[in-house]
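# Reading the structure
Listed below are the residues making up each chain.
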Amino acid sequence: MSDINIIINLDLTPRVLPVNKKRTRERKRKRDRKKMRHLRNGRQLETKGNEKSNNLSKRGSKYDAAQSSHNGALRRHPPLSTSTQPERCPPNRTADPSPAAPCSAASTGSHSPSILTQSKDDDPSPSVEILHKPAVAPLSAGIPSNYLAIDCEMVGTGPKGSVSQLGRCSLVSYDGDVVYDKFIKPPVPVTDYRTRWSGIRPRDLANATPFPVARKEILKLLMGKVVIGHAIHNDFKVLSYSHPAALTRDTMRIPLLNAKAGLAVTECASLKRLTKAIFKRDIQTGKKGHSSVEDARATMELYKVVEVEWEKQLASKSQSSSCQK
């Protein structure tokens, strides 16, 4: 039997790759690393975008909640209705207002509506602060457009003119401007024109305004106003009207005027006598009778003499009566 020789040739020398293949592998590795970096960056951007959208949604929900509460506050606290008259400072009747002190809502707190203020921060959720609602001032707080003086002239109807009917009515403003002045035809025949006192003649009532029409016009002007008159209950009686007592001023029943005129406090002085004593002026003179415009202006002037003091007394009485209740 012959011997079999097995020869194993182990070549342990490292194989050297060609230069081109080595460079190709390095380029491939670089491309793989770039791809991995792009993938990681994309994941990070996606994560940040999700977080940002979540934050925006949270902030939007907070803003919606704050806005709903803001709207609710506005519904619960609406601003006071304002008048069509321009806002002005309460004038001082004893002296002219200073031009250096401009009228502002802050200086006339008694007339300003409740105020809603919003923060000026950049935060999208507004913060609303509801200030204390100020007390509403009465109409007699010194706004001239709220004042009217009235005077009526009467004629007689019925037997011997014993029943008084409205024959003329005049309304003047706080400054004495004529707001209304018309002759008025009574609904029944006139039996006594009382020209000596009323100044009304038959020709004045020939084409005069019918009483129902004139009454509607007059009451519309008196609505909500502070009405001033002398023995004003007689004027309201011929109008078949009752004005609120809180808005009525009767210069015949003001002890302050009597004191200034040097008369007894309890005396019911006539308009002519008070005007003569305080202003040294004569009214209701001559044979032509009275002028309702002249009498209404004299009434307003008498009221303005004691307006400040009189209104203070009325306000104190009103407060004391409310406290007792």
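Remember, predicted model here, so these are calculated numbers, not experimental data. Note that residues are indexed from 1 along each chain, following the sequence as it is written. Confidence filtering applies because this is a predicted model: local features only for residues at pLDDT of at least 70, side-chain atom pairs given and counted only at 80 or more, and all residues used for totals across whole chains, interfaces and linings. Heavy atoms from the whole structure form the basis of all side-chain values; hydrogens and water molecules are not counted.

### Quick word on the overall build of the protein chain
Strands here are runs of E lasting at least two residues and helices are runs of H or I lasting at least four, both read from the DSSP assignment and numbered beginning at the N terminus. In terms of regular secondary structure, the protein chain is built from 8 helices and 9 strands. Using a 1.4 Å probe on the protein chains alone, a residue whose accessible area is under 20% of its type maximum counts as buried, one over 50% counts as exposed, and one in between counts as partly exposed. Each of the 325 residues in the protein chain was classed as buried or not, and the buried ones make up 30%. In the form shown here, the protein chain has an accessible surface area of approximately 22500 Å², with 54% of it arising from carbon and sulfur atoms. Calculation of accessible area relied on Shrake-Rupley with a 1.4 Å probe; when residues are assessed, cover is drawn exclusively from the protein chains displayed.

### Remarks on the confidence of the model for the protein chain
In the predicted model, the protein chain carries a mean pLDDT of 75, and 62% of its residues have values of at least 70. Per residue, pLDDT captures the predictor's confidence, and it can take any value from 0 to 100. Ranking the elements of the protein chain by mean pLDDT puts strand β2 (residues 128-130) last with 34 and strand β5 (residues 178-185) first with 98. Here, residues are in contact when the closest pair of their heavy atoms is within 4.5 Å. Long-range and interchain partners of residues 72-141, a stretch whose pLDDT sits below 50, account for 76 contacts in this model, where long-range means more than four residues apart.

### Topic: the side chain of Ser-198
Within the secondary structure, Ser-198 is located in helix α2 (residues 195-198). Owing to a relative accessible area of 3%, Ser-198 belongs among the buried residues under this scheme. Separated by 2.7 Å, the side chain of Ser-198 and the backbone oxygen of Tyr-193 make a polar contact. If we ignore the near neighbours within four places in the chain, the residues touching Ser-198 are Glu-153, Met-154, Tyr-193 and His-290. Polar contact criterion, stated in full: a pair of N or O atoms within 3.5 Å, where within protein one must be able to donate a hydrogen and the other to accept it, and residues adjacent in sequence count only if both atoms are side-chain atoms.

### Looking at helix α7 (residues 292-305)
For α7, spanning 14 residues, the distance from its first C-alpha to its last is 20 Å, which sits close to the expected 20 Å at 1.5 Å a residue. Among the residues making up α7, those that are buried are Ser-292, Val-293, Asp-295, Ala-296, Ala-298, Thr-299, Met-300, Leu-302 and Tyr-303. One less than the residue count of a helix, multiplied by 1.5 Å, gives the span that helix is expected to have.

### Thoughts on the pattern of salt bridges
What counts as a salt bridge is simple: a side-chain nitrogen of Lys or Arg found within 4 Å of a carboxyl oxygen of Asp or Glu. In this structure the tally under the stated criterion is 7 salt bridges. Across the pair Lys-276 and Asp-282 runs a salt bridge, and its minimum N-O distance is 3.3 Å. Its relative accessible area of 46% is what places Asp-282 among the partly exposed residues. Between Arg-281 and Glu-301 there is a salt bridge whose closest N-O contact spans 2.8 Å. Of this pair, Arg-281 sits in the loop between α6 (271-279) and α7 while Glu-301 sits in helix α7, placing them 20 residues apart in sequence.

### A closer look at the nonpolar core
Soluble, globular proteins show a tendency: their nonpolar side chains are buried together. For the purposes of this section, nonpolar cores are sets of buried Ala, Val, Leu, Ile, Met, Phe, Trp, Tyr and Cys residues that join through side-chain atoms within 4.5 Å. One finds Tyr-147 and Met-300 to be the most contacted residues of the largest nonpolar core, which totals 23 residues. Looking at this core, the elements with two or more residues in it are β3 (147-157), β8 (226-229), α5 (255-261), α6 and α7. Apart from the residues within four sequence positions on either side, Met-300 is in contact with Tyr-147, Leu-148, Ala-149, Val-172, Ser-173, Tyr-174 and Ile-228. Counting residues in hydrophobic clusters, the runner-up holds 20 residues, among them Cys-152, Tyr-180, Ile-218 and Ile-232.

### A short note on unusual backbone geometry
What you tend to see is this: most non-glycine residues have negative phi, and most peptide bonds are trans. One non-glycine residue with positive phi stands out, namely Lys-160, at about 55 degrees. The exposed category is assigned to Lys-160, whose relative accessible area is 84%. Of note, Lys-280 is a non-glycine position whose phi angle comes to about 55 degrees, a positive value. Mapped onto the secondary structure, Lys-280 falls in the loop between α6 and α7.

### Regarding the packing of aromatic side chains
What characterises a pair of aromatic rings is the spacing of the ring centres plus the angle enclosed by the ring planes. Aromatic rings from Phe, Tyr and Trp, with only the six-membered ring used for Trp, were paired whenever their centres fell within 6.5 Å, and each pair was classed as stacked if the ring planes differed by under 30 degrees, edge-to-face if by over 60, and tilted otherwise. Tallied over the entire structure, the rule returns 4 aromatic pairs. Counting as a charge over the ring demands two things of the Lys NZ or Arg CZ atom: a distance within 6 Å of the ring centre and an angle within 35 degrees of the ring normal. In this structure, Lys-304 is placed above the aromatic ring of Tyr-174, and the distance from its NZ or CZ to the ring centre is 4.5 Å.

### Side note on the side chain of Thr-209
Of note, Thr-209 is situated in strand β7 (residues 209-210). When its relative accessible area of 17% is taken as the criterion, Thr-209 is described as buried. In contact with Thr-209, other than residues within four places in its own chain, are Lys-182, Phe-183, Ile-184, Lys-185 and Ala-214.

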